[in-house]
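Architecture and fold: a report
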Amino acid sequence: MAYRIDTPCTGCWACLPLCPNDAIRPHGTIFTIKVSHCTECDGEFDDPQCVSICPVEEAILDESGRPLNPLGSLTGIPAAVQRSARWVSGGRLSL
Ligand code: SF4
Ligand code: SF4
């Protein structure tokens with residue numbers, strides 16, 4: 001059992017010092033989880049520490065690819081609204 005980090009990760013460093021198993025590493029502009037080290041914090045904490053601190057929705061996934069902080073779970077912005085949003089070249093958010 002191990003989690004993984006996907007491209008929504010911003011490389012903010014918040015998760016790295018919290019991992020009890022030293023499983024998280026910088027990897028280019030994002031971070032990665034070393035599968036052989038990740039225990040999903042089972043037996044160590046009630047909640048996975050990286051998932052608890054991560055401020056970015058859909059950045060950390062379980063083994064089946066399911067986001068552990070799904071769209072809308074942190075921002076309160078409904079997933080349907082976020083999925084229909086598009087950033088345009090002028091930097092405006094277009095719905
Ligand atoms: S779930 Fe726990 S052990 Fe796995 S990477 Fe996150 S903090 Fe580390
Ligand atoms: S806390 Fe989330 S966004 Fe920040 S480095 Fe870790 S996985 Fe990436």
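Residues numbered from 1 in each chain as written. Chains lettered and ligands numbered in written order. Predicted model: local features only at pLDDT ≥ 70, side-chain atom pairs only at ≥ 80, totals over all residues. Heavy atoms only, no water.

Within the structure shown, the criterion is met by two cavities of 30 Å³ or more. In this structure, the largest cavity occupies an estimated 90 Å³ of space. Considered as a void within the structure, the second largest cavity measures approximately 70 Å³ in volume. In terms of lining, the second largest cavity is formed by 14 residues, of which the most central are C19, C38, E40, C41 and C50. Class assignment for the residues of the lining of the second largest cavity results in 10 nonpolar, three polar and one charged. (1 Å grid on protein atoms, 1.4 Å probe; cavity = no way out; pocket = protein on both sides within 12 Å on 5 of 7 lines; lining within 4 Å. Points joined across faces, edges and corners; volume = space filled by probe spheres on them. Nonpolar A, V, L, I, M, F, W, Y, C, P; charged D, E, K, R; others polar.)

Around ligand 2 there are 13 residues in total, and C9, T10, C12, C15 and C54 lie nearest to it. Assessed atom by atom at 2 Å from the grid points, ligand 2 resides in the largest cavity. Its residues assigned to classes, the shell around ligand 2 shows 11 nonpolar, two polar and no charged. (Near = heavy atom within 4 Å. Sits in = over half its atoms within 2 Å of the grid points.)

Overall, the coordinates contain two salt bridges when judged by the stated rule. Residues D22 and R25 are paired through a salt bridge, measuring 3.0 Å at the closest nitrogen-oxygen approach. Here R66 makes a salt bridge to D62, at a shortest N to O gap of 3.0 Å. Here D62 falls in the buried class, since its relative accessible area comes to 12%. (Salt bridge = Lys/Arg side-chain N within 4 Å of Asp/Glu carboxyl O. Buried < 20%, exposed > 50% of the residue type's maximum accessible area, 1.4 Å probe, protein only.)

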